[in-house]
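Tertiary structure, described
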Amino acid sequence: MTLRVTDGEQGGWAVLRVSGELDLVTSPVLRQRVHDAVAEGRHRLVLDLSGVLFCDSSGVGVLIATRRLIRSCQGSLRLILPVQGADGGTSRSSEFEIGGGAHVNRVLGALGVRRLFDVYPDVDAAVDDEPGSLSA
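Residues numbered from 1 in each chain as written. Predicted model: local features only at pLDDT ≥ 70, side-chain atom pairs only at ≥ 80, totals over all residues. Heavy atoms only, no water.

1. Some points on helix H2 (residues 57-72)
Heads up, the condition is: Only runs of H or I of at least four residues qualify as helices and only runs of E of at least two qualify as strands under DSSP, and these elements are numbered from the N terminus. Helix span, expected: 1.5 Å multiplied by one less than the number of residues in the helix. Buried, partly exposed and exposed residues are distinguished by accessible area as a fraction of the type maximum, computed with a 1.4 Å probe on protein chains only: under 20%, between the cut-offs, and over 50%, respectively. Here, two residues are considered to be in contact whenever any of their heavy atoms come within 4.5 Å of each other. Throughout this description, a polar contact denotes any pair of N or O atoms lying within 3.5 Å of each other; where both atoms belong to protein, one of them has to be capable of donating a hydrogen while the other can accept it, and for residues adjacent in sequence the pair is counted only when both atoms sit in side chains.
When the terminal C-alpha atoms of H2 are compared, their 22 Å separation across 16 residues agrees well with the 22 Å that a helix rising 1.5 Å per residue should span. Every buried residue belonging to H2 is among Ser-58, Gly-59, Val-60, Val-62, Leu-63, Thr-66 and Ile-70, and all of these are buried. The inward-facing, buried residues of H2 abut strand S2 (13-22), helix H1 (27-39), strand S3 (44-55), strand S4 (76-80) and helix H4 (102-111). Two or three places before Ser-58, at the opening of H2, Asp-56 has a side-chain oxygen 2.9 Å from that residue's backbone nitrogen. The first or second residue beyond H2 is Gln-74, which carries a positive phi of 55°.

Have a look at this one:
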């Protein structure tokens, strides 16, 4: 499976919607798109990972590098990570059949790095400037 990254803007935030598999082969695509956004002066970034079905250590590395880059610009990074699959289940099969994101949430949690990120359930919540992150 490939990785797809589409970009947009909402409420003054750059929004990158990511779908597919984030792994050793595809993670450079996301890394480049993040660098492009920052080079354009977009320092308030939302990464919508709700469509990511699989994420390995390379993908986690890109997320951590993105956090570091955005912080160096005094910007803000927010992640969209659903707790459960779109069908309400948390099984591996439901993620791959219905929609991902929950997998990334579990991977970040298992590695102990989820707490580094401001996590939101959807883009609307993330671009709202009111506090209310789901961060641990």
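2. With respect to H1
In plain terms, the rule: In this description, one arc is meant: the one made by directions from the helix axis to the C-beta atoms.
With 13 residues, H1 extends 18 Å from end C-alpha to end C-alpha; this agrees with the ideal 18 Å at 1.5 Å per step. Within the span of H1, buried status applies to Ser-27, Leu-30, Val-34, Ala-37 and Val-38. Taken down its axis, H1 places every buried residue within 100° of arc, on the same side. Summarising the contacts, the buried residues of H1 are in contact with strand S1 (3-10), S2, S3 and H2.

3. Side note on unusual backbone geometry
At Gln-74, a residue that is not glycine, the phi angle is positive and equals roughly 55°. Relative to the assigned elements, Gln-74 resides in the loop between H2 and S4. Classification of Gln-74 by relative accessible area gives exposed; the value is 71%.

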